[in-house]
Structures are given as structure tokens and as C-alpha cells.
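Observations on the three-dimensional arrangement
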Amino acid sequence: MNSPWPLLITLTYVAIAMVIGLRARGARANRADMNSLEEWGVAGRSMGPITLYLLIAAGSVSAYTFMGAPGWAYSKGVAVFYVAIYLAYLALVAWYFGPKVWAFGEKFGHVTQASAIADRYQSPALGALAALVMAIGSVAYAVLQTIGSAYILFVMSGGLIPIWLGVVLVLGCIAVYLYASGQRAIGRTNAFQGVLMLIVAWAVGLWAVHSATGGLSFAGVFERIQADHSEFLTLPGAGWDMSFSFWTTSIIVSMFSFMPPVWTQWMSASSARTIRRSATWLPTYYIVILPMVVVGFIGIFSLPELARADTVVLEYAMQHLPVVLVGLLGAGTLAASMSSSEPFIHSVSLSLSKDVLQPVLKLSDGVTGKLARLLILPIMFLVVAPLAIAEPGSLVMILLVGLGFASQVLPAFIGMFFWPRASRLGVMAGIVVGFLITVAFTTLWPHPLGVHAGFWGLMLNLPVFVAVSLITPATRAEVVERFFRIAAPRGFTRLG
Amino acid sequence: MRRLIVLPTSRAGWGLLIAFVALVIAGTWPVIGLVNRATLVMGLPLMVVWSYLVIFACVAVMLIGNHIVERDDHE
């Protein structure tokens, strides 16, 4: 690719994101404000419904939507739509749990998921354990997104920006506005990135359909797929690896993975009602996936010999689309990866400071707030950057195990929202058993009987959690009552 | 405390819970098996149309939920 336009457009996007991120702290906020966990961590619990809608939407639509999802469509077919369904179910989860989490944060001063766990079970050790292990999955996720960002810069520059430089450039840009404006920067940049992604996805999708079929209807693409490659239109898909059981258990496990950045996003809302309003309309955003996936289907007959499935949109765009759209695609893909990596980096820094270092080093809230801001730098440049540049082969495995663990924390939330008898030891026992099963069924014997490893973990985790909870001491009654006055404002139902 | 659990306390609450469960069932097996056919509806694969029906049904159920929650005035 010889034109300078794609790179110029992509770099213009980076510059705009930086300006928006830096200005997000606002005129009123001063340096002292940003050093507080409330301000830097959860934006002073100030976000309105539109910002929150775009924050959660853009955060959940990663580079996967622009690269991985079309790649899945190209290699497997309609199986890729399990992602759209579980994202909609995550909105149901946000609708029910989000307002309660917001009320916990507002009343008890929580700024992280792990601090809520530590408070409910009166166990800083359990909070620290949750923070540390959630950090593994979060860092792996941020690394994958950073690799995606660097790859886009590499392609858009025609190889002039090597991967290592792309990694440093993207992380440097995020570091500047994340340090300056914290969660407010994530909110504002995600809002911009969310709108950009929606426009780019539909512009690229419709243009690609027009170049492939001569019209703007998706029907031309799918009629051709139906005639020549109908296996792409049903499960288990062209790869024969997306059975009904894997589709179902993947959705359920993903739905119950309460990732820490999402928790922080809920706590950044201006009110409980704001979260419900945003969550209600959140599924509408996932129409962003459709046009990108259609390009993946176009690739099935246009680019049959592609070596890497996840490059299908980029390859098609560079061969068939005008340079301006190629540049916008670069900007959109970069927006997707940056908007997903920055909440994870922010949340790891926030949680390690608040839930691990503060109790261990007995730090004041003021010092912890400053530490959280500074900690993003070593996390980004000593952990994320080297891993992104080295691209270790086991990274996807680390991510899968990390996300598998996220679903194993479910007992902690059952005890927070549904079952007052849940005990600290019951939660710990459930998590440990569930985690070990998930690790074993991810690495040694991947997904036995076509059932997701995390689902196997939950099937053992939950009975162990209940049994151990019933034979070990419950949390102090006044603490449980404090939580359940919010979780169950109208009281309980007695079983049996 | 041992036998206490949080469940809906009103008819509308039970209705919402049933609607949430129905939505999850609609997007998973065995219901997804019923629409697993290589046919096109309005130019799109049946699986895609069904996925977006489930997605927009989620919006509809949450809109009804907002009405119930705000009418009953509990957060």
C-alpha cells in the first residue's frame, strides 16, 4: 500500500483521542481531585446515560469485532453470533446487578469489585486474592488488544511503524490521558470511539457489499453462500467445532464473568437509574457486529486462500476499498482495541493499589490514590509492552484461563446478591475448586464433551461453595444486613 | 438465615424473572437447534435473524422492567 492517507487518517484518530482524553478532566477538576480514588477511579460517580451507554458498549466491542469476528465468519460461519447474543445478555446482567453495585459503591465507598468482595465477606485476603487473579486475565486481555493496535499501525504504515514502535506509541498515548484524567478519560474517549466504530463498521460493510455484489443488500452475499457453502449458515459451522453444547455453555460462562472494569463502569454512573437506562438500550449497539461479519462472509468466496482468517477485513479493504475507507478502517480497529484495553489497564492499577497494596502496606486513601495513577506506568511499560512485543504463544491460553477464573468468582456474587448464608470459606473453596477444574479442562483436556471448561468449573464450584458455606461460620449479621438492605430491599423468601 | 434466599416478591417481579429466563433459553440450546437451518429470511441467515430478534427482545423486556421498577419506586 503506497498511499499515505490510511496512516494519516489513523494517526489523526490517535491525536483526536489524546485531546479528548486530556480534556476529559475538565476545568474544575484540579490535580488534587485526580489523586482521589473516587475521582480518578470512578469519575466522581458522575457519568450520564449516553456516556455510560457508549462507555460500556465501546469497552465490550474490542478489536475482536473488526478482526476476530469477521475471521470467525470466514472460517466457521454463523457460529460467530454467539458473541452478539452473550453481549446482549450482559446488558440484562448490567440492568439487574448494575444499580445494586452502584448503591454499594455510593453507600459503602467501594471503587473496585475486589473491595466489595472484601467488605461483604470481611476478608481483605479474599479481596486481594480476587484482585490478583482477576489481574491475570485483565493483563492478558490488554496485551492482546495492544498487539492488535500495533498490528494495525504496522499495516496502515506499510511496515514503516514496526510492532515494537506501535506498542510504545499506543501505550504512550493511553498512558498520558489515563494518568491525567482516569475514568473520565475512558468515558469520553470510549464515547468518541464508540460512535467512530459504528460509522466505520457500516461504511466499510456497505461498501464491501457493493463492491462484491453491485448492490447494498446483504442478501446477494448470503444467497451466494447458501448456494455454494451452506455449511457456513448453520452450527456446528464450517470448522465443525461449534456444537450446540459449546455455543450454550460459552454464552452462559461469558454471561456470568463479572469482569472488574465493568464493575467500575457501573460505579461511575451518576445514579442507579442511569445504569438501568443505559443497559436497556445497550443491545442496540451490537448491530455494529453485523456489517463486519458480512465482510467475513464475502471473504469466503473473494479471498478463499487467506493464510490468517482474522485479516480478512483488512485484506479485502486493501484490495477493493478506497484508501480513505482503508484509513477509517484502521482508525476504527485501533479505536476498538484502545477502548477495550484502557479500562482493563485502569482497573488492574486501581485494584492492585486499593485491594492489595493498601491493606498490605497500610497506606492512607490519599497515598493509595496517587499510587493507583502512577501504577499504570509500570503495568503498561514493564508488563503489557514487553508481552505485546514478545507475543508469547501461551498468551491466548493465559487469557482463556484468566477469563475462566472470572466466571469462577460467581459464588462471591451469589453471596452478595442472593444468599446471605454464603461464607468466606465457602466462596474461597468454590473458587479454588472451580479454578483448578477450569485450568485442567483448558490446558490438559480442552472442553470435554464439547462443554466449555468454565462451565465444568462452575458445575463443581457451586456445590462445593454451598456445602462449605453451610458448615463454616457466616459473615457477621450486621454486615450481611447492610448488603441485603440494598440487594433485597423487599426482604427474603424462606426455602422449605 | 440458612434457608433465606432473594426471590421476586411481586407478581410483576416473577413475570420479569420468567421473561429473563425465557430470553436466555431463546438464545441457547435447545431453542437454537430449532432455528439451525440454512435458510434465508429477508436475505439474512435464519440464525442471524433469530440472534437479532433475541437481542432486540432483551431491549423490550428491559423497557418493561424499567416501567415496573419506576412505577413501584424501588431501586
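As the structure is a computational prediction, the values presented were derived from the model and not from experiment. (Residues numbered from 1 in each chain as written. Chains lettered and ligands numbered in written order. Predicted model: local features only at pLDDT ≥ 70, side-chain atom pairs only at ≥ 80, totals over all residues. Heavy atoms only, no water.)

1. Examining the overall build of chain A
The cut-off we apply is this: For helices the rule is a DSSP run of H or I covering at least 4 residues; for strands it is a run of E covering at least 2, with both sets numbered from the N terminus onward. In this treatment the radius of gyration is a C-alpha quantity, and the globule benchmark scales as 2.2 Å times the residue count to the 0.38 power. Per-residue accessibility, obtained with a 1.4 Å probe over protein chains only, is compared with the maximum for each type, and a residue is labelled buried under 20%, exposed over 50%, and partly exposed between these values. Only heavy atoms enter the contact rule, under which two residues are in contact if any of them lie within 4.5 Å.
Regarding its fold elements, chain A presents 22 helices and one strand. Against the 2.2 N^0.38 benchmark of 23 Å for 496 residues, chain A shows a C-alpha radius of gyration of 22 Å, consistent with a compact globule. Dimensions of chain A, computed from the C-alpha atoms along their principal axes, are close to 70 × 55 × 40 Å. Expressed as a percentage of the 496 residues in chain A, the buried residues total 60%. When contacts within chain A are restricted to residue pairs at least 6 apart in sequence, long-range pairs at least 24 apart make up 84% of them.

2. A look at the packing of helix α4 (residues 49-60) of chain A against helix α13 (residues 272-281) of chain A
All names here are of chain A. The test is simple: For helices, the axis comes from a line fit to the C-alpha atoms of the stretch in contact; other axes are also lines fit to C-alpha atoms, and the angle between any two N-to-C directions lies between 0 and 180 degrees. Just so you know how the angles are binned, under 35 degrees is roughly parallel, over 145 roughly antiparallel, 65 to 115 roughly perpendicular, and the rest oblique. The crossing is said to be left-handed when, going from far helix to near helix, the turn is anticlockwise and less than a right angle, and right-handed when the turn is clockwise. Nonpolar residues are Ala, Val, Leu, Ile, Met, Phe, Trp, Tyr, Cys and Pro. Charged residues are Asp, Glu, Lys and Arg, and all others, Gly as well, are polar.
Contact geometry for α4 and α13: axes closest at 9 Å, N-to-C directions at 50°. As judged from the angle between their axes, α4 and α13 are oblique. Pair α4 / α13 crosses with right-handed handedness. Across the interface between the two elements, Pro-49, Leu-52 and Tyr-53 of α4 pack against Thr-274, Ile-275, Arg-277, Ser-278 and Trp-281 of α13. In the contact of α4 with α13, the residues fall into five nonpolar, two polar and one charged.

3. Some words on the interface of chain A and chain B
Note the following rule: We define buried area as the total accessible area lost by two parts upon association, computed with a 1.4 Å probe and summed across both. The rule for a salt bridge is simple: a side-chain nitrogen of Lys or Arg has to be within 4 Å of a carboxyl oxygen of Asp or Glu.
Contacts between the two partners involve 56 residues from chain A and, on the opposite side, 45 residues from chain B. Buried surface at the junction of chain A and chain B, summed over both partners, amounts to about 4800 Å²; 70% is from carbon and sulfur atoms. Of all residues in chain A, Leu92(A), Trp95(A) and Arg490(A) bury the most surface against chain B, accounting for 14% of the area lost on that side. Summed over the shared surface of chain A and chain B, the number is two salt bridges. Of the charged contacts, one joins Glu70(B) and Arg277(A) as a salt bridge, the two residues approaching to 2.7 Å between their closest N and O atoms.

4. Looking at the nonpolar core
Applied cut-off: As used here, the term nonpolar core means buried Ala, Val, Leu, Ile, Met, Phe, Trp, Tyr and Cys residues forming a set that is joined through side-chain atoms within 4.5 Å. How far each domain reaches was decided by an automatic or database domain assignment.
In terms of nonpolar packing, the biggest core is built from 195 residues, with Phe81(A), Trp247(A), Trp263(A), Trp266(A) and Phe297(A) touching the most fellow members. Split by domain, the residues of this core number at least three in each of domain 1 (5-393) and domain 2 (409-496) of chain A. Setting aside residues no more than four positions away along its own chain, Phe81(A) makes contact with Trp247(A), Leu290(A), Val293(A), Val48(B), Ser51(B) and Tyr52(B).

5. Focus on unusual backbone geometry
A negative phi holds for most residues other than glycine; trans holds for most peptide bonds. The omega angle of the peptide bond from Leu235(A) to Pro236(A) is 10°, so this bond is cis rather than trans. Note on placement: Pro236(A) falls in the loop between α10 (219-228) and α11 (244-255). In this model, Trp29(B) is joined to Pro30(B) through a cis peptide bond whose omega is 10°. Along the chain, Pro30(B) turns up in the loop between α1 (11-26) and α2 (31-34).

6. Concerning the domain arrangement of chain A
Residues and elements named next belong to chain A. The domain architecture assigned to chain A consists of domain 1 (5-393) and domain 2 (409-496). Distance between the C-alpha centres of domain 1 and domain 2: 28 Å. Between domain 1 and domain 2, the contact holds 30 residues from the first and 34 residues from the second. Counting each side, the surface lost to burial between domain 1 and domain 2 is near 2800 Å², with a carbon and sulfur contribution of 78%. At the boundary of domain 1 and domain 2, one finds one salt bridge. Between Arg-482 and Asp-119 there is a salt bridge, with its nearest N and O atoms 2.8 Å apart. Of all elements in the fold, only α6 (82-108), α7 (113-120), α8 (124-156) and α11 reach the threshold of two or more residues within the side of domain 1 that touches domain 2. Ranked by the residues each element gives to the side of domain 1 that touches domain 2, the list is headed by α6, at eight residues.

7. Let's talk about the pattern of salt bridges
Taken as a whole, this structure holds ten salt bridges over all chains when the rule is applied. A salt bridge links Arg184(A) to Glu39(A); the nearest nitrogen and oxygen atoms lie 2.4 Å apart. Taken as a pair, Arg184(A) in helix α9 (residues 163-213) and Glu39(A) in helix α3 (residues 37-42) lie far apart in primary sequence, 145 residues in all. For Arg184(A), a relative accessible area of 21% corresponds to the partly exposed category. Two residues, Asp365(A) and Lys354(A), come together in a salt bridge whose shortest N-O distance is 3.7 Å. Linking Asp365(A) in helix α17 (residues 365-390) with Lys354(A) in helix α16 (residues 323-361), this pair joins segments that are eleven residues apart in sequence. Take Lys354(A): its relative accessible area is 19%, and that puts it in the buried class. Each of Arg273(A), Arg277(A) and Glu70(B) takes part in salt bridges that share partners, so that together they form one network.

8. Considerations on the packing of aromatic side chains
All names here are of chain A. Which entries qualify depends on this criterion: Any pair of Phe, Tyr and Trp rings, taking the six-membered ring for Trp, is counted once the centres come within 6.5 Å. Such a pair is stacked with planes under 30 degrees apart, edge-to-face with planes over 60 apart, and tilted for the rest. Should the NZ of a Lys or the CZ of an Arg lie within 6 Å of a ring centre and within 35 degrees of the ring normal, that charge is described as sitting over the ring.
Inspection of every chain in the model, using the stated rule, returns 28 aromatic pairs over all chains. Relative to Phe-417, the ring of Phe-97 has its centre 4.8 Å away and its plane inclined at 65°; by these criteria the two rings are edge-to-face. A residue pair is termed long-range when its members are at least 10 positions apart, and Phe-97 in helix α6 and Phe-417 in helix α19 (residues 410-417) qualify at 320 residues. Above the plane of the ring of Tyr-121 lies Arg-120, whose end atom (NZ or CZ) is 4.6 Å from the centre.

9. Digging into α1(B)
How we decide: Expected helix span is given by 1.5 Å per residue-to-residue step, counting one fewer step than there are residues. The arc under discussion is defined with respect to the helix axis, by the directions toward the C-beta atoms.
Given a rise of 1.5 Å per residue, 16 residues ought to cover 22 Å, and the 22 Å separating the end C-alpha atoms of α1(B) matches this to within 8%. Of all the residues in α1(B), the buried ones are Gly13(B), Leu16(B), Phe20(B), Leu23(B), Val24(B) and Ala26(B). Buried residues of α1(B), seen end-on, are gathered within an arc of 165° and therefore sit on one face of the element. Opposite the packed face of α1(B), turned more than 90 degrees from it, sit the exposed residues Arg11(B) and Ile18(B). Looking at the buried side of α1(B), the elements it contacts are α6 and α11 of chain A together with α2 and α3 (46-72) of chain B.

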